[in-house]
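# Geometric and topological summary
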Amino acid sequence: MTARTYDVAVIGAGVFGAWTALHLAKRKQQVVLVEAYGPAHSRASSGGESRIIRMSYGADEIYTRWSHNSLSQWKELFATTGEKLFHQTGVLWLSGGTDSTLKESIANLHRYGVNHKLFQREELQRFYPQVNFDGVSRGLLETESGVLLARRAVACAVDFSLRQGVQLQIAQIAPLLGGKKLESIETAGGEPISAGNFVFACGPWLGKLFPGILGPRIFPTRQEVFFFATPPGDTRFAPPALPTWLFQADEVYGMPDLESRGLKVARDTHGEPVDPGTQSRLASVEGAAWASNFVARRFPALKDAPIVETRVCQYENTSNGDFLIDRHPEFSNVWFAGGGSGHGFKHGPAVGEYTAAMVLGEGTAEPRFSLATKATHQKRTVH
Ligand SMILES: Cc1cc2nc3c(=O)[nH]c(=O)nc-3n(C[C@H](O)[C@H](O)[C@H](O)COP(=O)(O)OP(=O)(O)OC[C@H]3O[C@@H](n4cnc5c(N)ncnc54)[C@H](O)[C@@H]3O)c2cc1C
């Protein structure tokens, strides 16, 4: 069979692959986007209903900058396509104990002109009486940040990339064998796809495609998400009364009631190691009990609120939470774009922009994203 030759084949149509394909197409590249199931399908890390976009990242300035850049690009995409997939709920970062992360975040928010307000504990209590702020000292509200409707936002980016000439092919790509320059990849059905460059944006599956190099460096963990019903006629848990929130000391985050789906609650701590292809998507009894207890403590009026929806997904962590965007150590024309580590979604546009530039030899490499910095044991520093 004769293979059609593309400039670039991007494998994986999650948020990283979708935006990489889009940026390559904007740079006049002939791109094929190859995806095993479909854009942001139910098992992909990008397949959730909603993802937070915030700019507070403590001292990790690069993520403040990228998130700021990405929000502009998301808004531009939605304005162009006429989709309403961003909710400007505001994002409230609740600091407990030491304030150093908060102070570093504020310095970077100032640097990039991100609008924010700082609340003392008494003000938090006054503005948000429906929340129990025990253990919280101060709150930092990013007024223009909020929530992306994730899987629909990826579908929107993929649709838009198709309009820019990207070809979408539903096929599973087989793991690579060794070599120096890759001429083509093969689908599970044996069909070759030829390209000048290959970007593997396979999220939590990266370790399966590159078991020797990435098997020990990408750590997929099980993450459960719960939605709680709000009382009838009660608007205290919807925007604008309640913003998106993160309790720093609890390592728990959530969102107000969007599209009447209920209050979203999830733990940011890493769950057990899982296989993204086979892990159960049913939430655990223990997880549900934990979430109900948390909601009863932090949102007392929702003490007996029923769980109305659940999701089970996976983070695709690197050793410290920095992304992995680098060239394969053996193949000169093969790239990795992954390691979103539970915070990657918002950055999709900036990841795509950076990856496209690197593939085309026009970018400056960011050391934090290199393969060399990815250890084989976990010690998370980026949140
Ligand atoms: C519960 C949860 C909450 C999160 N909350 C946030 C948040 O609030 N804010 C935020 O910014 N981020 C958040 N994240 C992180 C974010 O969702 C991820 O970092 C991001 O979606 C990763 O995207 P990706 O494109 O790298 O991977 P994925 O979305 O998993 O995409 C990879 C794609 O590659 C495809 N693929 C894999 N192998 C092959 C193959 N062999 N052939 C063809 N295709 C293949 C897969 O089918 C998949 O579609 C959260 C993640 C989870 C799980």
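Our subject is the structure listed above.
Residues numbered from 1 in each chain as written. Predicted model: local features only at pLDDT ≥ 70, side-chain atom pairs only at ≥ 80, totals over all residues. Heavy atoms only, no water.

Below, the discussion takes up the sheet that holds strand S6 (residues 116-120). Two modes of strand pairing occur in sheets, parallel and antiparallel, and in both the strands are linked by backbone hydrogen bonds. Here we have 8 strands laid out as an open sheet, ordered S6-S7-S5-S13-S14-S15-S12-S16, and mixed in their pairing. Two strands close off the open sheet at either side, each with one partner strand: S6 and strand S16 (307-317). Neighbour to neighbour, the strand axes of the sheet diverge by 20° on average, direction disregarded. Taken together, the 4 bridges between strand S5 (residues 91-96) and strand S13 (residues 244-247) define a ladder with parallel strand orientation. Bridged to Leu94 within S13 is Phe247. (Pairing = 2+ DSSP bridges. Helix = DSSP H or I, 4+ residues; strand = E, 2+ residues; numbered from the N terminus. Axes fitted to C-alpha atoms, helices over the stretch in contact; angles between N-to-C directions.)

The subject of this paragraph is unusual backbone geometry. Residue Pro240 is reached from Pro239 by a cis peptide bond, and omega for that bond is 5°. One non-glycine residue with positive phi stands out, namely Ala40, at about 50°. Turning to its location among the elements, Ala40 is positioned in the loop between strand S2 (31-35) and strand S3 (51-53). Even without a glycine there, the phi angle at Glu259 is positive, about 55°.

Time to look at the packing of helix H1 (residues 15-26) against helix H2 (residues 61-81). Running from N to C, H1 and H2 point in directions that differ by 75°, and their axes come no closer than 14 Å. Our classification of the angle between H1 and H2 gives roughly perpendicular. Taking contact as the criterion, the partners of Val15, Trp19 and His23 in H1 are, on H2, Gln73, Trp74 and Leu77. Per-class residue counts for the contact of H1 with H2 are 4 nonpolar, 2 polar and no charged. (Parallel < 35°, antiparallel > 145°, perpendicular 65-115°, else oblique. Contact = heavy atoms within 4.5 Å. Nonpolar A, V, L, I, M, F, W, Y, C, P; charged D, E, K, R; others polar.)

A complete count under the given rule lists 22 aromatic pairs for this structure. Ring centres of Phe210 and Phe336 lie 4.9 Å apart, and the angle between their planes is 75°; on these two criteria the pair is classed as edge-to-face. You can see Phe210 sitting in the loop between helix H6 (206-209) and strand S12 (219-228) and its partner Phe336 sitting in strand S18 (residues 334-338), a full 126 residues away along the chain. Pair check on accessibility: Phe210 and Phe336 agree, each one buried. Through pairs of rings, three or more aromatic residues link up here, namely Phe16, Tyr57, Tyr63, Trp66, Phe323, Tyr354 and Phe369. The residue whose ring lies beneath Arg54 is Tyr57, and the NZ or CZ to ring-centre distance is 4.3 Å. (Phe/Tyr/Trp six-rings, centres within 6.5 Å; stacked < 30°, edge-to-face > 60°. Buried < 20%, exposed > 50% of the residue type's maximum accessible area, 1.4 Å probe, protein only. Lys NZ or Arg CZ within 6 Å of the ring centre and 35° of its normal.)

Among the nonpolar cores identified, the biggest contains 68 residues, and Trp66, Trp74 and Phe78 are the most heavily contacted of them. The biggest single contributor to this core is H1, with 8 residues. With sequence-adjacent residues up to four places away left out, Trp66 is seen in contact with Phe323, Ile325, His347, Ala350, Val351, Tyr354 and Phe369. If you look at the next biggest cluster of nonpolar residues, it comprises 27 residues, including Ala9, Phe198, Cys202 and Leu206. (Core = buried A, V, L, I, M, F, W, Y, C linked by side-chain atoms within 4.5 Å.)

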